[in-house]
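Working through the structure, step by step
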Amino acid sequence: MDPVVIIAVVAIIAVIIAAAAVFVALRAAGGGNSRNLEAAERLAANQAELAGRLTQLNDNQGQIIRTLEERLEAVSKRLGDGLTQHTDRTGESMKQLHERLAVIDAAQKNLTDLSTQMVGLQDILSNKQSRGAFGEFQLNDIVSNLLPPSAYELQATLSNGKRVDCLLSLPNPPGAIAIDAKFPLESYRALHTAKEEPVRIQAAKVFATDVGKHVRDISEKYILPGETAEWALMFLPSEAVYAELHANHGNIVENAFRLRVGIVSPTTLMATLNTVRAILKDARMREQAGLIQKEVQTLLEDVARLDGRVESLQKHFDQAARDIDQIGTSSRKISGRGEKIMALELADDTPAA
């Protein structure tokens, strides 16, 4: 029960008790006094009114308690439902969080593996011999994916005793084309890590010197008159090095053309090999031209024989048609004679007049 209501009830009870005490005192003091009797009656009426109000107050108190209980139950239900929904949403959010954490863990693992591979690749490229092997491997992979095995030879030895990374077997002209892989990575890194202008200029000179030396080596070693084509290719296994060379060192590219050395990157090498494949296909077509002509001649002879046989068959058809016409003529003659014979028989059967 509400404390305020309890205090009110206690106060009313105290008033009733006090009024009862006053009433008793008045009756004891002057039982015959009519004025006192009226006061006592009013007091009794007030007591009765207070008792009724107390009863009404108790009823109101019960209704308030029931209303409070209903509202408290409704609030408790809404709170329970809200907690349940919040728990479900929290569980779903935790599930999604675990899934995302799993994806992040997988991505982190991939990044760790990639970092390890990058460190391994950096270790490979930091060694000159390993770097050369990396360029040769990339060259072999591109060539083997675009050309048939009969169209190239890896680590081919020329008549001068020099070994080239790849030799394309093309008919004359143009002849066999030598491809050698070069990777001037150290001078390229020095060029791009240089911060001050004097250091950068010096690094650019070193880079140009390294590439120029590779171009001269290829021109002198792998272009042999009568054995190889008049051109050779230098393969750079890095698009970045190729772009730097063509963007800022055009004189080196021009000098390479003068020395009949074409500089190619992985992308441009694939385009070149596609052209080589078309040349090989055309060469095979030319090699088969004699056989094709022979087959065409044989085909024409077969067609001529077929024409003769068709003509002979047509003659047979014409003769058959004439025979059929003659058979039709004989049939008509026979039919006419038969009709005449029938007419004679009918004349014989007619009685005389």
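Heads up: the structure comes first, above all this text.
Residues numbered from 1 in each chain as written. Predicted model: local features only at pLDDT ≥ 70, side-chain atom pairs only at ≥ 80, totals over all residues. Heavy atoms only, no water.

Here's the deal with the packing of aromatic side chains
A full pass over the atoms with the stated rule returns 2 aromatic pairs. Ring geometry for Tyr188 versus Phe207: centroids 6.3 Å apart, planes at 55°, classification tilted. Of this pair, Tyr188 sits in helix α4 (residues 185-193) while Phe207 sits in helix α5 (residues 197-222); the two residues are 19 residues apart in sequence, bridging distant segments of the chain. The pair formed by Tyr188 and Phe207 is uniform in burial state, with each residue classed as buried. Aromatic pair Trp231 and Phe257: ring centres 5.7 Å apart, planes at 70°, arrangement edge-to-face. Of the two residues, Trp231 sits in strand β4 (residues 228-235) while Phe257 sits in helix α7 (residues 250-258), which places them 26 residues apart along the sequence. The class of Trp231 is partly exposed, set by a relative accessible area of 36%. (Phe/Tyr/Trp six-rings, centres within 6.5 Å; stacked < 30°, edge-to-face > 60°. Helix = DSSP H or I, 4+ residues; strand = E, 2+ residues; numbered from the N terminus. Buried < 20%, exposed > 50% of the residue type's maximum accessible area, 1.4 Å probe, protein only.)

So, unusual backbone geometry
Even without being glycine, Gln155 reaches a positive phi, approximately 50°. With respect to the helices and strands, the residue Gln155 is situated in strand β1 (residues 152-157). In this structure, Arg260 takes a positive phi of about 60° despite not being glycine. With respect to the helices and strands, the residue Arg260 is situated in the loop between α7 and β5 (261-264). Its relative accessible area of 38% is what places Arg260 among the partly exposed residues.

Overview of the pairing of β1
Direction of pairing for β1 relative to strand β2 (residues 163-168): antiparallel, over a ladder of 5 bridges. Paired with Leu154 across the bridge in β2 is Cys166. What sits between β1 and β2 in their antiparallel hairpin is a turn of 5 residues, with Gly161 showing a positive phi close to 85°. (Pairing = 2+ DSSP bridges.)

Things to note about the pattern of salt bridges
Taken as a whole and judged by the stated rule, the model has 4 salt bridges. Across the pair Asp81 and Lys77 runs a salt bridge, and its minimum N-O distance is 3.1 Å. Residue Asp81 and its partner Lys77 are both found in helix α2 (residues 34-126); the two are separated by 4 residues, about one turn of the helix. The class of Lys77 is exposed, set by a relative accessible area of 55%. Residue Asp180 is joined to Lys182 by a salt bridge in which the shortest nitrogen-to-oxygen separation is 3.1 Å. Just as Asp180 is buried, Lys182 falls in that class too. (Salt bridge = Lys/Arg side-chain N within 4 Å of Asp/Glu carboxyl O.)

Remember that the coordinates give geometry; whether it matters functionally is a separate question.
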